[in-house]
Amino acid sequence: MNFLLDIFFPKVCVECGKEGSDICDECFLKIDIRKNQQCPHCKRENANGKFCSNHCQKDYLFDQLIVCADYSQIKNLIIKFKYKFSKDLIKIFTKLLKNELKNCTSGAHVVPAPIHKKNFKKRGFNQSLLLAKAITQILPNTKLIDCLSEKESRSQQAHLDRSHRLNNLKNSITITPHPQLKNILLIDDIVTTGSTLNECSRVLKNAGAKHVTAIVLARN
Ligand SMILES: [Zn+2]
Ligand SMILES: [Zn+2]
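One structure accompanies this document, and this report is about it. (Residues numbered from 1 in each chain as written. Chains lettered and ligands numbered in written order. Predicted model: local features only at pLDDT ≥ 70, side-chain atom pairs only at ≥ 80, totals over all residues.)

## Some thoughts on the overall build of the chain
Okay, step 1: Secondary structure summary: the chain contains nine helices and nine strands in total.
Okay, step 2: Classification of the 220 residues of the chain by burial places 33% in the buried group.
Okay, step 3: Long-range contacts, defined here as pairs at least 24 residues apart, represent 69% of the contacts in the chain between residues at least 6 apart. (Helix = DSSP H or I, 4+ residues; strand = E, 2+ residues; numbered from the N terminus. Buried ≥ 20, exposed ≤ 12 C-beta atoms within 10 Å, placed from the backbone. Contact = placed C-beta atoms within 7 Å.)

## A look at the pairing of strand β8 (residues 183-191)
Okay, step 1: Of all nine residues that make up β8, seven are buried, and the element is covered over most of its length.
Okay, step 2: Here strand β4 (residues 109-112) runs beside β8; their pairing, made up of four bridges, is parallel. From the neighbouring strand, valine 110 faces β8, where its bridge partner is leucine 185.
Okay, step 3: Across eight bridges, β8 lies against strand β9 (residues 211-219) in parallel orientation. Residue isoleucine 187 lies in a different strand from β9, and its bridge partner there is isoleucine 215.
Okay, step 4: Handedness of the β8-helix α9 (residues 195-206)-β9 crossover: right-handed. (Pairing = 2+ DSSP bridges. Right-handed = clockwise from strand over helix to strand, strands pointing away.)

## Brief notes about the packing of helix α5 (residues 87-100) against helix α7 (residues 127-138)
Okay, step 1: Relative orientation of the contacting elements α5 and α7 amounts to 55°, with a least axis distance of 10 Å. Looking at the two axes, α5 sits oblique to α7. Two packed elements cross with a definite hand, and for α5 against α7 that hand is right-handed. When α5 is examined against α7, the residues Ile90, Phe93, Thr94, Leu97 and Lys98 are found in contact with a partner set consisting of Leu130, Leu131, Ala134, Ile135 and Ile138.
Okay, step 2: Residue composition of the contact of α5 with α7, grouped by class: eight nonpolar, one polar and one charged. (Axes fitted to C-alpha atoms, helices over the stretch in contact; angles between N-to-C directions. Parallel < 35°, antiparallel > 145°, perpendicular 65-115°, else oblique. Left-handed = near helix turned anticlockwise from the far one by under 90°. Nonpolar A, V, L, I, M, F, W, Y, C, P; charged D, E, K, R; others polar.)

## Looking at the environment of leucine 204
Okay, step 1: Structurally, leucine 204 can be placed in helix α9.
Okay, step 2: The spacing of leucine 204 and phenylalanine 62 is 142 residues in sequence and 9.6 Å in space, taken between C-alpha atoms.
Okay, step 3: Once residues lying within four places of it in the same chain are set aside, the contact partners of leucine 204 are Val111, Leu181, Ile184, Ala209 and Val212.

## Section: the nonpolar core
Okay, step 1: By size, the foremost hydrophobic cluster in this structure holds 46 residues, and its most contacted members are Val111, Ile184, Leu186 and Ile187.
Okay, step 2: Taken together, the elements giving at least two residues each to this core come down to β3 (64-70), α4 (71-83), α5, β4, α7, β8, α9 and β9.
Okay, step 3: Here the element with the most residues in this core is β9; it accounts for six residues.
Okay, step 4: Residues contacting isoleucine 184, with those up to four places away along its chain left out, are Ala108, His109, Val111, Leu204, Ala209, His211, Val212 and Thr213. (Core = buried A, V, L, I, M, F, W, Y, C linked by C-beta atoms within 7 Å.)

## Some points on unusual backbone geometry
Okay, step 1: Unlike most non-glycine residues, lysine 43 shows phi in positive territory, near 70°.
Okay, step 2: Residue position: lysine 43 is located in the loop between β1 (37-38) and β2 (45-46).
Okay, step 3: For lysine 43, a count of 12 C-beta atoms within 10 Å puts it in the exposed group.

## Looking at α5
Okay, step 1: Taking 1.5 Å of rise per residue, 14 residues should cover 20 Å, and α5 covers 20 Å from first to last C-alpha, within 8% of that figure.
Okay, step 2: Along α5, the residues that are buried comprise Leu89, Phe93, Leu96, Leu97 and Glu100. Take α5 and look down its axis: the buried residues cluster within an arc of 100°, on one side only. Exposed and facing more than 90 degrees away from the buried side of α5 are Lys87, Asp88 and Lys91.
Okay, step 3: As for α5, its buried residues are in contact with β3, α4, α7 and β9. (Expected span 1.5 Å × (residues − 1). Arc of directions from axis to C-beta.)

## Comments concerning the environment of tyrosine 71
Okay, step 1: Within the secondary structure, tyrosine 71 is located in helix α4.
Okay, step 2: Classification of tyrosine 71 by C-beta neighbours within 10 Å gives partly exposed; the count is 16.
Okay, step 3: Considered as a pair, tyrosine 71 and valine 191 are 120 residues apart in the sequence and their alpha carbons are 9.1 Å apart.
Okay, step 4: Not counting chain neighbours up to four residues away, the residues in contact with tyrosine 71 comprise Ile190, Ala218, Arg219 and Asn220.

## A word on α7
Okay, step 1: With 12 residues, α7 should reach 16 Å at 1.5 Å per residue; the first-to-last C-alpha distance of 17 Å fits that figure.
Okay, step 2: If you check which residues of α7 are buried, you get Gln127, Ser128, Leu130, Leu131, Ala132 and Ile135.
Okay, step 3: Buried residues along α7 sit in contact with α4, α5, β4, β5 (143-144) and β8.

Here it is as structure tokens:
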């Protein structure tokens, strides 16, 4: 089936249009992958994406943020991934993640950020769940726990500004039965204001999680 799809709809590089793959080797090499991480608040560079002080951390409930690249670098790939399921794209993102996760703890629970039910109906998949699965294959002794979900009532985040986003998110995420939580790797595709990651972290910590490392493909 994939073979036939490739004949009728040949894959083209999202950057240069060359046929054959979602991104060609040359364009992949041009992606500016983060060599250093940053304090999630003030963006001062560091090795592990931790906050530089309690002051920087005061509005956040996760403990660390690992980012693969700036959004502008992989925008076209992410947009394609959001609207079309592709195993090849997952392979490409896995390569990016592998690079950033070298210093990450193994022995953690990997939890995908939940997707709004409307988006799930539209797409048929949760992109964060696919990334979370990829991470369990990169890091030894990790276990996937898909325990967060969104209440159907909340409006979609994209239409709202930061203060409305925070209000809209409050108590919108629920947790389903899960094993004892300790170190969490929380996975989402993009971070913008951090409000979704924050709300997920709040729910996870209320449920007993000790440390939450958020991991995203890109920061917008
Ligand atoms: Zn290309
Ligand atoms: Zn800082």
